[in-house]
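# Fold and contact review
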Amino acid sequence: MCLQLTSTPPMIPPRGRTQQQDKKVQCYEPATMKYLGFFPALSPVEVRDVLHVYAYVCVKIYKRCGSDYDDCYMYASGQGARGRGKKAQKLWAKSSFKQRRQFLRILLKYIIEHQELICEVSSRDTGKTMVDASLGEIMTTCEKITWLLSEGERWLKPEYRSSGRSMLHKKSKVEFHPLGVIGAIVSWNYPFHNIFNPMLAALFSGNSIVIKVSEHASWSGCFYIRIIQAALAAVGAPENLVDIITGFAETGEALVASVDKVIFVGSPGVGKMIMRNAANTLIPVTLELGGKDAFVVCEDVDVPHVAQIAVRAALQSSGQNCAGAERFYVHKDIYSSFVSEIAKIVKSVSAGPPLAGRYDMGAICLQEHSDRLQNLAFGPIMPIMKFSKDEEAIRLANDSRYGLGCVFSGSQRRAKEIASQIHCGVAAINDFASTYMCQSLPFGGVKDSGFGRFAGVEGLRACCLVKSVVEDRWWPYIKTKIPKPIQYPVSENGFEFQVSLVEALYGLNIWDRLRALVNVLKILSEQNASSSKRND
C-alpha cells in the first residue's frame, strides 16, 4: 500500500537556472511563488580567479526587528575563493582551541536568541514549516556545537599509540593537522544546517571552507553566511575564512578542482560525478547521499505510538529529508491496524504555505519531485509492505541500493538482532533519525547512500591530515643504531641475525624467544669481536 497526501502541497514552476547565458540563480518561495531575488552563477574562471576579482549582486531580504520587518541589504560575492581561503586558513590554523570555542559560543548564543528568524528564512526558501525548521535546522546545529564545545579539542589533540615490541624505545602518536581549504557542495533541503554542519567541523579543526550552496536555496544561504562572518569577526578571526559561492553544476565542478577535500550532500548521480572530478587531483571525498531508509515494524509494538513516529519520519520537511523513512515493512499480523492508524493521522495533516497559517506540512521544494512522486520517494509518500518473518524483513530491507534504517519491536533484543543484519551505515532501535541527533556518532551510509562520515569523531578527523609520528622515548640516551650484522656492507650472517631477531621478538612461546635472543647476542658478540680484530 502507498499513502500520500490527497491535498497536494503548494509548488512553483521550475526555478534555479533560467538561461545559461543569464548567469543568474533565480530565487523563489516554493510555497507562494514570491520572487526573492537573484544571485550570480559563477563561472569556473570566476571560482578559480586568483586575482580576487569580486562579482557582487545586491539582494533585498527582510530582517525581523522586534515586531516589524526592516529592509536590509546583503551581498553575495564570487571570486577566487580558494586563494583568499588558503591565506586565511594559514592564519586560522595557528589559532587556539580557546578562540575556536569562543567562536562556537557566539554562534550558539545567536542561534538560540534568533531561532524564529533563522527558521523563517529557511521556511521561505524551502517551504518547510517552522516546526520542521526547528527540528532539522536549529536542534541539529545546536547539538553539533555543544558536542564540539565539550569534546572537540580532546579528539584533535595528539593521540598516543603503542609502539610494539621492536620499537619499545620509541614513542608513537597520531597528530591531526588541518587539510587546508575544504570545499562543500550542499543540498537545499536543510539550508541552515547543511551550511553549518561542514563549516563547524572544518573551522574547529583549523581549516577554511568554501561552500557551494544549492541553486534552490541560494537566498537563505547568502543570508546565513552573514551570521558566520559576524561571529568570526567578533573573535578576531581572519577575513575570508568562510566563503559562499552560488551557481550551477559548472560552479561546483570548478570548486572540486580547487580545494583540498570535498564534502558533498546530495544525490548519488551527482556524487559519482564529483568523485570522477576529484580523481583528477586525488583529493579525499565524503559523500552523504541519503536515501530510501528502511523502517521495520514488528508485530509486538504499540501500534499508535509507532504510527506517530512513522508519519513524522515520512512527512518531516515534506518528506524531503536525507534521513527520512521511505520504505515501511510491517508485520502481516498488525498490517491492517497499522495502515488504519497511519491513514487516520495522515488525513489530519494539513498542508499549505507555512508562514500563512497553521499548517502541519509545507511545500515540496522542487517541481520535478512532485511530477515524479510515485517513482521518487524524496517527498511525502509512505510505501507500506508486509512481511511474515524477521528473515524476510531483513531481506527486504537489504534489497536496495541504499543503506540507512531503523527497527521497531516490543523486544529490544529482537530489534537489535534485526538491525545488526541490515547492511546500513546507521541504525536506530525503536526510534527514527536519533543516530543523527547523537552528534558524537559518525553519520553516513553504504552503497548508494554514500561513504565517508561526517559528525562525531570520525567526521571531525576527516577534515584533518592524519600524521603518524615516531620519536625516541629516552633521547638522547638511547638512539636508533643499525646492528652491525646488517650494516653496509651486510655481513655473511646478516640473514641469520634477522631470523633470530624475528623469533626473539615474536616467537609464540617464551623458550623459543629466549633461545633466539641468546643467538642474537651471540652473533652480535662475534661481530664485535671480529671488528675489534680488524681495528687492531
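In this numbering scheme, every chain counts its residues from 1 along its sequence in written order. Per-residue local features are limited, in this predicted model, to residues with pLDDT of at least 70; the limit for side-chain atom pairs, both in listing and counting, is 80 or more; totals at the level of whole chains, interfaces and linings are taken over all residues. The basis for every side-chain value is the complete set of non-hydrogen atoms in the structure, without hydrogens or water.

The name an unreviewed UniProt entry assigns to the chain is Aldehyde dehydrogenase domain-containing protein, from the organism Hevea brasiliensis. UniProt positions are given in the numbering used here, feature names are shortened, and annotations may be inferred rather than shown by experiment. Quoted straight from UniProt, the Sequence similarities (unreviewed entry) entry for the chain says "Belongs to the aldehyde dehydrogenase family."

## Regarding the packing of aromatic side chains
Pairs of aromatic rings are described using the distance from one ring centre to the other and the angle between the two planes. In summary, the pairing rule links any two rings of Phe, Tyr or Trp, Trp by its six-membered ring, whose centres are within 6.5 Å, and it sorts them by plane angle into stacked for under 30 degrees, edge-to-face for over 60 and tilted for everything else. A complete count under the given rule lists 10 aromatic pairs for this structure. On the numbers, 4.6 Å between centres and 20° between planes, the contact of Phe 295 with Phe 408 is stacked. On the criterion of sequence distance, the pair formed by Phe 295 in strand 14 (residues 293-297) and Phe 408 in strand 17 (residues 405-408) is long-range, its members being 113 residues apart. Pair check on accessibility: Phe 295 and Phe 408 agree, each one buried. When the centroid spacing of 4.8 Å and the interplanar angle of 80° are considered together, the rings of Tyr 436 and Phe 443 count as edge-to-face. Throughout, exposure labels follow a simple rule: accessible area from a 1.4 Å probe, protein chains only, divided by the maximum for the residue type, with under 20% read as buried, over 50% as exposed, and the rest as partly exposed. On the accessibility criterion, Tyr 436 (12% relative accessible area) is buried. Site record: aromatic cluster; members linked through ring pairs are Phe 192, Phe 196, Phe 223 and Tyr 224. Residue placement shows Lys 24 over the ring face of Phe 38; its charged tip is 4.7 Å from the ring centre. To qualify as a helix, a DSSP run of H or I must reach at least 4 residues; to qualify as a strand, a run of E must reach at least 2; elements of each kind are numbered from the N terminus. Any Lys NZ or Arg CZ that is within 6 Å of a ring centre and within 35 degrees of that ring's normal is treated as a charge sitting over the ring.

## So, the UniProt feature "active site" (unreviewed entry) in the chain
In the numbering used here, UniProt assigns the "active site" (unreviewed entry) feature to Glu 288. Working rule for contacts: check all heavy atoms of both residues, and any pair within 4.5 Å makes them a contact. Discounting chain neighbours no more than four positions away, the residues touching Glu 288 are Phe 264, Val 265, Gly 266, Cys 322, Phe 443, Ser 449 and Phe 454.

## Notes on helix 4 (residues 115-126)
By this rule the span expected of a helix is its residue count minus one, scaled by 1.5 Å. The terminal C-alpha atoms of helix 4 lie 16 Å apart, and with 12 residues this matches the ideal 16 Å at 1.5 Å per residue to within 8%. Within helix 4, 10 of the 12 residues are buried, which leaves the element mostly enclosed by the surrounding structure. Every buried residue of helix 4 is accounted for by Leu 117, Ile 118, Cys 119, Glu 120, Val 121, Ser 122, Ser 123, Arg 124, Asp 125 and Thr 126. Residue Gly 127 follows helix 4 closely and has a positive phi angle near 85°.

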